Amino acid sequence: METTTQPKKSRYMNPYIGGVLLGLVLLAANFIAGRGLGASGAVKSVVVATTQTVAPSYAEKTKYFKEYKEEHSGSPLKNWLVFQMLGVIVGGFASGPLAGRLKFKVEHSPKITSKRRLLFALLGGIFFGVGSQLGRGCTSGSALSGMAVISFGGIITMMAIFGGAYALAWFFRRNWI
Amino acid sequence: MGPLAVNDIISSNTNFFLAFVIGIGFGFVLEQCGFSSSRKLAGLFYGYDMVVLKVFFTGGVTAMLGLLFFSLFGWVDLNLVYINPTFLTSAIVGGLIMGAGFIMGGFCPGTSFCGAAIGKIDAMIFIVGLFIGVYFFAFGYPMFETLYKSGAMGSPKISTMLDLSDGVFALILVAVALGMFYVSEWVEKKFPREEY
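Residue positions are given per chain, counting from 1 as you read along its sequence in written order. All chains are assigned letters beginning with A, and all ligands numbers beginning with 1, in the order in which they are written. Where totals are concerned, whole chains, interfaces and linings use all residues; where local detail is concerned, this predicted model gives features only for residues with pLDDT of at least 70, and gives and counts side-chain atom pairs only at 80 or more.

**Side note on the overall build of chain A**
Phase 1 of the analysis: A count of helical and extended segments in chain A gives eight helices and zero strands.
Phase 2 of the analysis: A run of H or I in DSSP counts as a helix once it spans at least four residues, and a run of E counts as a strand once it spans at least two, with each numbered from the N terminus. Helices (α) and strands (β) of chain A occur, in sequence order from the N terminus, as α-α-α-α-α-α-α-α.
Phase 3 of the analysis: For chain A, the spread of C-alpha atoms along the principal axes amounts to about 60 × 40 × 35 Å.
Phase 4 of the analysis: Burial in this document is a count-based property: other C-beta atoms within 10 Å of a residue's C-beta are tallied, and the residue is buried at 20 or more, exposed at 12 or fewer, or partly exposed in between, with C-beta positions derived from the backbone. For chain A, the proportion of its 177 residues judged to be buried stands at 55%.
Phase 5 of the analysis: Here, residues touch in the contact sense if the C-beta positions derived from the backbone fall within 7 Å of one another. When contacts within chain A are restricted to residue pairs at least 6 apart in sequence, long-range pairs at least 24 apart make up 56% of them.

Here it is, written out as structure tokens:
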């Protein structure tokens, strides 16, 4: 494989080719499992599983967990998205070294400190966690997979995610540019 | 024929195994496209890197057209494919909250796992936040429940709502995507660009 040290040369895949490959993966998911891709659903499964294990009596009588149990049979970890997300970690880990990107680091703009970057990463994660529950899926499960099946809700969620981020971009510009 | 799992052509365990394989493809493609980098992802919102839009819409359009053709060839029964339900108010509010999370955190859930897989510590912290957020929602569910269930509309397709056939809507979406790709290429030339 060709290795290049030129900083300006892109070491990423052409985005349109990448997009077609992503589309084929999503098509395969729909053809095989009859459903799209997702990420936040796997987090939800882990949250339900840990709560049921650590505090079973609390999970028994709390509405959120009761509703989950009514909608899903079997162990919350024996879930399509949980297996798929384990694959995502393996796939990402396999791809990184091909382009020399496998290393521990906090990535941030030189204008801000690592600490500030991590604080905002934590806040962003919390917001995304809450929002993905209301949106019944995140950028993958609701927006991308919703677009593939022309779901009204999916496309609305997609517009709200990107619209919301654009609307707030000015306020957080110092973190990025 | 398809969907294979729904039609019991493959067993549930085979389906889980294939979920893992599909996940590998998903994670690999995301990482190859640069979705493991928050600075690349955030470029979308400042115009210096439009990779998210290009990959996202190419992917969505490819899968949509694929499903329509598969259905036309009789390879997949679209009535058996899961269509995300619409709870309009909840979808809009949830989407806006996710948008705020995106601009602050620089990741979305799928990309954060991808970033964490190659050692991005900011992505790992984002995942910690994700768990806190979902626990918060679960424990505070009584507070969110009314909003969560508001605006229920079933699982409509946007084509049905606009009174168009799926094919015509798909054509419109392809045209919109091509227009956005054109604008993206133009925008990237306008703003200084760096590789991360």
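Moving on, there is more to tell.
**Focus on the overall build of chain B**
Phase 1 of the analysis: Regarding its fold elements, chain B presents nine helices and zero strands.
Phase 2 of the analysis: When the helices and strands of chain B are listed from N to C terminus, the series reads α-α-α-α-α-α-α-α-α.
Phase 3 of the analysis: Considered along the principal axes of its C-alpha atoms, chain B spans approximately 45 × 45 × 35 Å.
Phase 4 of the analysis: Within chain B, the fraction of its 196 residues that count as buried is 53%.

**Considering the confidence of the model for chain B**
Residues and elements named next belong to chain B.
Phase 1 of the analysis: For chain B, per-residue confidence averages 95 on the pLDDT scale, and 100% of positions sit at 70 or higher.
Phase 2 of the analysis: Note on scores: pLDDT gives the predictor's confidence for each residue, bounded by 0 and 100. Least confident of the elements in chain B is helix 8 (residues 158–161), whose mean pLDDT is 94; most confident is helix 4 (residues 88–105), at 98.
Phase 3 of the analysis: If you check the scores for this complex, the pTM reads 0.95 and the ipTM reads 0.96.

**Focus on the confidence of the model for chain A**
Phase 1 of the analysis: Considering every residue of chain A, the mean pLDDT works out to 93; 94% of them sit at 70 or more.
Phase 2 of the analysis: Within the model, the stretch residues 1–8 of chain A combines pLDDT values under 50 with three contacts to residues more than four positions away or in other chains.

**Some remarks on the interface of chain A and chain B**
Phase 1 of the analysis: Contacts between the two partners involve 108 residues from chain A and, on the opposite side, 113 residues from chain B.
Phase 2 of the analysis: Those elements that provide at least two residues to the side of chain A that touches chain B are helix 1 (15–33), helix 2 (40–54), helix 4 (63–71), helix 5 (80–95), helix 6 (114–134), helix 7 (139–148) and helix 8 (152–169) of chain A.
Phase 3 of the analysis: The element that contributes the greatest number of residues to the side of chain A that touches chain B is helix 1 of chain A, accounting for 18 residues.

**So, the environment of B:A116**
Phase 1 of the analysis: With respect to the element layout, B:A116 can be found in helix 5 (residues 109–117).
Phase 2 of the analysis: In this structure, the C-alpha to C-alpha distance between B:A116 and B:S36, residues 80 residues apart in sequence, is 7.7 Å.

**Description of the packing of helix 8 of chain A against helix 4 of chain B**
Phase 1 of the analysis: Whenever a helix is involved, its axis is fitted only over the stretch in contact; in every case the axis is a line through C-alpha atoms, and angles between N-to-C directions fall within 0 to 180 degrees. Their axes nearest at 7 Å, the elements helix 8 of chain A and helix 4 of chain B cross at an angle of 40°. Taken together, the axes of helix 8 of chain A and helix 4 of chain B lie oblique to each other. Pair helix 8 of chain A / helix 4 of chain B crosses with right-handed handedness. The residues of helix 4 of chain B that touch helix 8 of chain A, namely those facing A:G153, A:I156, A:T157, A:A160, A:I161, A:F162, A:G163, A:G164, A:A165, A:L168 and A:A169, are B:L88, B:A91, B:I92, B:G94, B:G95, B:L96, B:M98, B:G99, B:A100, B:F102 and B:I103.
Phase 2 of the analysis: The classification used treats Ala, Val, Leu, Ile, Met, Phe, Trp, Tyr, Cys and Pro as nonpolar, Asp, Glu, Lys and Arg as charged, and all other residues, Gly among them, as polar. Classifying every residue of the contact of helix 8 of chain A with helix 4 of chain B gives 15 nonpolar, seven polar and no charged. Any angle that falls under 35 degrees is termed roughly parallel, while one over 145 is termed roughly antiparallel, one within 65 to 115 roughly perpendicular, and all others oblique. Should the near helix be turned anticlockwise from the far one by less than a right angle, the crossing is termed left-handed; should it be turned clockwise, right-handed.

**So, unusual backbone geometry**
Phase 1 of the analysis: Of note, the amide linkage connecting B:G2 to B:P3 takes the cis form, showing an omega dihedral of -5°.
Phase 2 of the analysis: Looking at the secondary structure, you find B:P3 in the segment before helix 1 (12–33).
Phase 3 of the analysis: You will see that A:I150, though not glycine, has its phi angle at about 55°, which is positive.
Phase 4 of the analysis: Examined against the element boundaries, A:I150 turns out to sit in the loop between helix 7 and helix 8.
Phase 5 of the analysis: Positioned with a positive phi, B:D8 is a non-glycine residue whose angle comes to about 60°.
Phase 6 of the analysis: When you line up the elements, B:D8 lands in the segment before helix 1.

**A closer look at the environment of A:G163**
Phase 1 of the analysis: The topology assignment puts A:G163 in helix 8.
Phase 2 of the analysis: Separated by 74 residues in the primary sequence, A:G163 and A:I89 have C-alpha atoms spaced 28 Å apart.

**Examining the packing of helix 5 of chain A against helix 5 of chain B**
Phase 1 of the analysis: Relative to each other, helix 5 of chain A and helix 5 of chain B sit at 45°, their axes nearing to 8 Å. Between helix 5 of chain A and helix 5 of chain B, the crossing angle belongs to the class labelled oblique. Where helix 5 of chain A crosses over helix 5 of chain B, the handedness of that crossing is right-handed. For the pair formed by helix 5 of chain A and helix 5 of chain B, the contact residues are A:M85, A:V88, A:I89, A:G92 and A:F93 on the first element and B:G110, B:F113, B:C114 and B:A117 on the second.

**Brief notes about helix 1 of chain B**
Phase 1 of the analysis: Each residue after the first adds 1.5 Å to the expected span of a helix. Helix length check: helix 1 of chain B, at 22 residues, gives a terminal C-alpha distance of 31 Å against a target of 32 Å (1.5 Å per residue), a fit within 8%.
Phase 2 of the analysis: Directly beyond the C-terminal end of helix 1 of chain B, a positive phi value near 95° is found at B:G34.

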